[in-house]
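# Architecture and fold: a report
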Amino acid sequence: MSIEKQAQELGFQIIGNLRRCEEQEQSWRYLCYSDEANNEYVLYRGILTIITPEGKII
């Protein structure tokens, strides 16, 4: 399932375009992205975690 679809199911809207943050990735299973509002999207083994700029985890 895509990041966009998982975020939508969590009731969270991605702001702008996603960009990959390869420098934060710890392995090939751990993918990091951020949007234009500096929200971080961590995809680990297919499970999405969203971290807002204030540190709130969704």
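Anyway, here's the lowdown on the structure attached to this text. (Residues numbered from 1 in each chain as written. Predicted model: local features only at pLDDT ≥ 70, side-chain atom pairs only at ≥ 80, totals over all residues. Heavy atoms only, no water.)

### With respect to the overall build of the protein chain
What counts is decided by this rule: Every helix listed is a DSSP run of H or I at least four residues long, and every strand listed is a run of E at least two residues long, numbered separately from the N terminus. Here the globule rule is a power law, 2.2 Å times the number of residues to the power 0.38, and the radius of gyration is based on C-alpha atoms. Burial classification: accessible surface area is computed with a 1.4 Å probe over protein chains only, and a residue below 20% of its type maximum counts as buried, one above 50% as exposed, and the rest as partly exposed. What makes two residues a contact is simply this: any of their non-hydrogen atoms within 4.5 Å. Reported accessibility uses the Shrake-Rupley method at a 1.4 Å probe radius. Residues are deemed covered only where the shown protein chains occlude them. Counting rule for charge: Lys and Arg are taken as positive, Asp and Glu as negative, and neither His nor the chain ends is counted. Each charge is placed at NZ for Lys, CZ for Arg, CG for Asp and CD for Glu.
Counting its secondary structure elements, the protein chain contains 1 helix and 4 strands. In sequence order, the protein chain lays out its α and β elements as α-β-β-β-β. For a compact globule of 58 residues, the expected C-alpha radius of gyration is about 10 Å, and the protein chain comes in at 10 Å, within 12% of that figure. By principal-axis analysis of the C-alpha atoms, the protein chain measures approximately 25 × 20 × 20 Å. With 58 residues in all, the protein chain has 34% of them scored as buried. Contacts in the protein chain between residues at least 24 apart in sequence constitute 23% of all its contacts with a sequence separation of at least 6. Total accessible area computed for the protein chain in this model is approximately 4200 Å², and 47% of it derives from carbon and sulfur atoms. Between the averaged position of the 6 positive side-chain charges in the protein chain and that of its 9 negative side-chain charges there is a distance of 8 Å.

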